[in-house]
Amino acid sequence: FKQKTAYEIKECDWSSDVCSSDLFPDFIAFQYGESCDCSHDCGYINGVEVKSNGYLSKEEKEKCKWYLDNRIFNKILIAKKSKKRGEIEYVGFKY
């Protein structure tokens, strides 16, 4: 993965339907080398939202759904504290 924080993404890259000042998700992860049906070197664009407890607010869930429905991101991962000290667990957003 190559990651950029939401602060590194230009404001003009965000949809006007979702306020750019909210800076959601926290990170953008580019996953390269995945196979697809075309002849290009394709990859996926994943959103990563950091939540220590793993829970999203109602507004955050609506944004995730919008991003996925509008194909802004291929998937959104929720990063949360793992039960094992010092580790992070990534859980895919489902709606």
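For clarity, every value in this text was computed on a predicted model and none was experimentally measured. (Residues numbered from 1 in each chain as written. Predicted model: local features only at pLDDT ≥ 70, side-chain atom pairs only at ≥ 80, totals over all residues. Heavy atoms only, no water.)

> Describe the overall build of the chain, listing the residues and the values that go with them.
Looking only at helices and strands, the chain features one helix and five strands. In the chain, the succession of α and β elements from N to C terminus is β-β-β-α-β-β. Within the chain, buried positions represent 27% of all 95 residues. Restricting the contact set of the chain to residue pairs at least 6 apart, pairs at least 24 apart contribute 48%. Put simply, the chain shows about 7,100 Å² of open surface, and 47% of that area lies on carbon and sulfur atoms. (Helix = DSSP H or I, 4+ residues; strand = E, 2+ residues; numbered from the N terminus. Buried < 20%, exposed > 50% of the residue type's maximum accessible area, 1.4 Å probe, protein only. Contact = heavy atoms within 4.5 Å. Areas by Shrake-Rupley, 256 points an atom, 1.4 Å probe, with all protein chains shown as cover.)

> Got a sec to walk through the environment of L68? Specific residues and values, please.
Mapping L68 onto the fold places it in helix 1 (residues 58-69). L68 sits 27 residues away from Y95 along the chain, and the two C-alpha atoms are 10.0 Å apart. When neighbours within four sequence positions are excluded, L68 is seen to be in contact with F73, N74, K75, I76, F93 and Y95.

> Tell me what's going on with the pattern of salt bridges, and back it up with residues and numbers.
In this structure the tally under the stated criterion is four salt bridges. Between E59 and K63 there is a salt bridge, and its shortest N-O distance comes to 3.7 Å. Taken together, the positions of E59 and K63, both in helix 1 and four residues apart, correspond to about one turn of that helix. The exposure class assigned to E59 is partly exposed, which follows from its relative accessible area of 46%. (Salt bridge = Lys/Arg side-chain N within 4 Å of Asp/Glu carboxyl O.)

> Please set out unusual backbone geometry residue by residue, giving values where relevant.
Of note in this structure, R71 is not a glycine but carries a positive phi near 55°. Following the sequence through the fold, R71 ends up in the loop between helix 1 and strand 4 (75-81). For R71, a relative accessible area of 76% corresponds to the exposed category.

> Would you mind going over the packing of aromatic side chains in detail, with residue names and values included?
Taken as a whole and judged by the stated rule, the model has three aromatic pairs. Considering the side-chain rings of Y67 and F73, the 5.1 Å spacing of their centres and the 75° angle between planes classify their relative orientation as edge-to-face. Taking the relative accessible area as the measure of exposure, Y67 reaches 2% and is therefore buried. According to the relative accessible area criterion, F73 is buried, its value standing at 6%. A network of ring pairs unites the aromatic residues W66, Y67 and F73 as a single cluster. (Phe/Tyr/Trp six-rings, centres within 6.5 Å; stacked < 30°, edge-to-face > 60°.)

> Please set out the confidence of the model for the chain residue by residue, giving values where relevant.
Averaged over the chain, the pLDDT score is 77; the fraction of residues at 70 or greater is 65%. pLDDT under 50 marks residues 9-21. Its contacts with residues more than four places away, or in other chains, come to 13 contacts. (pLDDT = per-residue confidence, 0-100.)

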